[in-house]
Amino acid sequence: MAADAPQQVEKKLEQSVSEEGETYSSLLTSTLPTTQDWATPLFRLQGCWLTRQCVESVRLVDAQFKPRPDDLLLATYPKSAVQSLDQSGTTWLKALAFTILNRSRRHPVVFTGAGAGDNGHPLLSHNPHDLVPFLEMPDRALNPVAELEALPSPRLLCTHLPAALLPPATLGLGCRVVYLCRDPKDVLVSLWYHMRSMPVLQLQDSFQFTNAFDLFCEGVSLFGPVWEHCLGYWKGSLEPSNNVLFFKYDEMMAQAEKHVKTLAGFLGVPSFTADEESGGAVEGVVRLCSFHNLKNLPVNSDGVVADRIGALPTKNSMFFRKGKVVDWENHLTQEMAHKLDSHH
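- Per an unreviewed UniProt entry, the protein carries the name Sulfotransferase and comes from Urochloa decumbens.
- Listed under Sequence similarities (unreviewed entry) in UniProt, the entry text for the protein is "Belongs to the sulfotransferase 1 family."

## Quick look at helix H10 (residues 256-267)
At step 1: With 12 residues, H10 should reach 16 Å at 1.5 Å per residue; the first-to-last C-alpha distance of 16 Å fits that figure.
At step 2: Of all the positions in H10, only Ala256, His259, Val260, Leu263, Ala264, Phe266 and Leu267 are classed as buried. Projected onto a plane normal to the axis of H10, the buried residues spread over an arc of 165° and lie on a single side.
At step 3: Residue glycine 268 follows H10 closely and has a positive phi angle near 90°.

## Here we look at a nonpolar patch on the surface
At step 1: Together, Leu231, Trp234 and Leu238 make up a nonpolar patch on the protein surface, roughly 290 Å² of accessible area in all.
At step 2: Looking at the element boundaries, leucine 231 is found in helix H8 (residues 226-237).

## Focus on the environment of lysine 94
At step 1: Relative to the helices and strands, lysine 94 is located in helix H4 (residues 90-102).
At step 2: According to the relative accessible area criterion, lysine 94 is buried, its value standing at 1%.
At step 3: A C-alpha to C-alpha distance of 9.8 Å links lysine 94 and alanine 75, two positions 19 residues apart in sequence.
At step 4: If we skip the residues at most four places from it in the chain, lysine 94 touches Leu74, Pro128, His129, Val132, Phe134 and Cys158.

The rules behind each value
Residues numbered from 1 in each chain as written. Predicted model: local features only at pLDDT ≥ 70, side-chain atom pairs only at ≥ 80, totals over all residues. Heavy atoms only, no water. UniProt positions renumbered as here; feature names shortened; annotations may be inferred. Helix = DSSP H or I, 4+ residues; strand = E, 2+ residues; numbered from the N terminus. Expected span 1.5 Å × (residues − 1). Buried < 20%, exposed > 50% of the residue type's maximum accessible area, 1.4 Å probe, protein only. Arc of directions from axis to C-beta. Patch = residues over 30% accessible without salt bridge, like charges linked within 9 Å, V, L, I, M, F, W, Y side chains within 5 Å. Areas by Shrake-Rupley, 256 points an atom, 1.4 Å probe, with all protein chains shown as cover. Salt bridge = Lys/Arg side-chain N within 4 Å of Asp/Glu carboxyl O. Contact = heavy atoms within 4.5 Å.

The following block contains the structure:
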């Protein structure tokens, strides 16, 4: 792995436009710190590891995206070391936010007793990733940033970018950000499984879980280091502006209904009324968006998508592996867990 370039070199690259017509991506290849330890080369931009495609997308979003004061942004760290793999609770958070935001407008959630019926709710026929677009994905060099301008306000968007790489003025305008943090040990395990499930990556047999573990501990993974990613948004949640809501995955799993009500208040939509709560609306949202329900829907268990997040073909079912907390105990030794914990 190459040593870090001086900070001033990175800053110059971020603002550079080659007078000789050299593309931004090729300039990065020759100048930014890079590593080829993963299945795809990663480049370090402002302390964050990105693919070449991601770096170009970040540049385009930075230059062309026009944030609105009422934008709602869901931020998570991805489980994967390459694009178009499963997310760290992203799928669940997208489903919850979409359902809460639209519950009193276009898509009410109706549950009666132990049965469930939702009048053809979009989550029954659409993968959550089709309902909440990413800011920096798919490849913004091929999919113009301008397509986000067509979305009606308030826009519900998602990102894997660290806070430091968000478009200028995003937080300053009053845009609200919900960050979902998951135990890095569980993130690592999910990362490993999804890397192994992607034949297109052609991982060498010699690349074992211990290799992935060592790189992850070094902070080398897409959008990593993971603890810096979490820390940036956690600090944002402490600001007086209260523009960032910081959730922990394990706490959210343990008290889903409580977090759903908190999320409704933060997103700026009407809080759940007494009639809604007594009528089971909160439980309805939780049940509709539950891992078990989403995973077993045909739209999520069948089919392949090639252009939702990246260029690699991805089975819809790959967005739903286990959804469990503390799954790392089945894969990491106590020594490995302690080493990873000591990094944050």
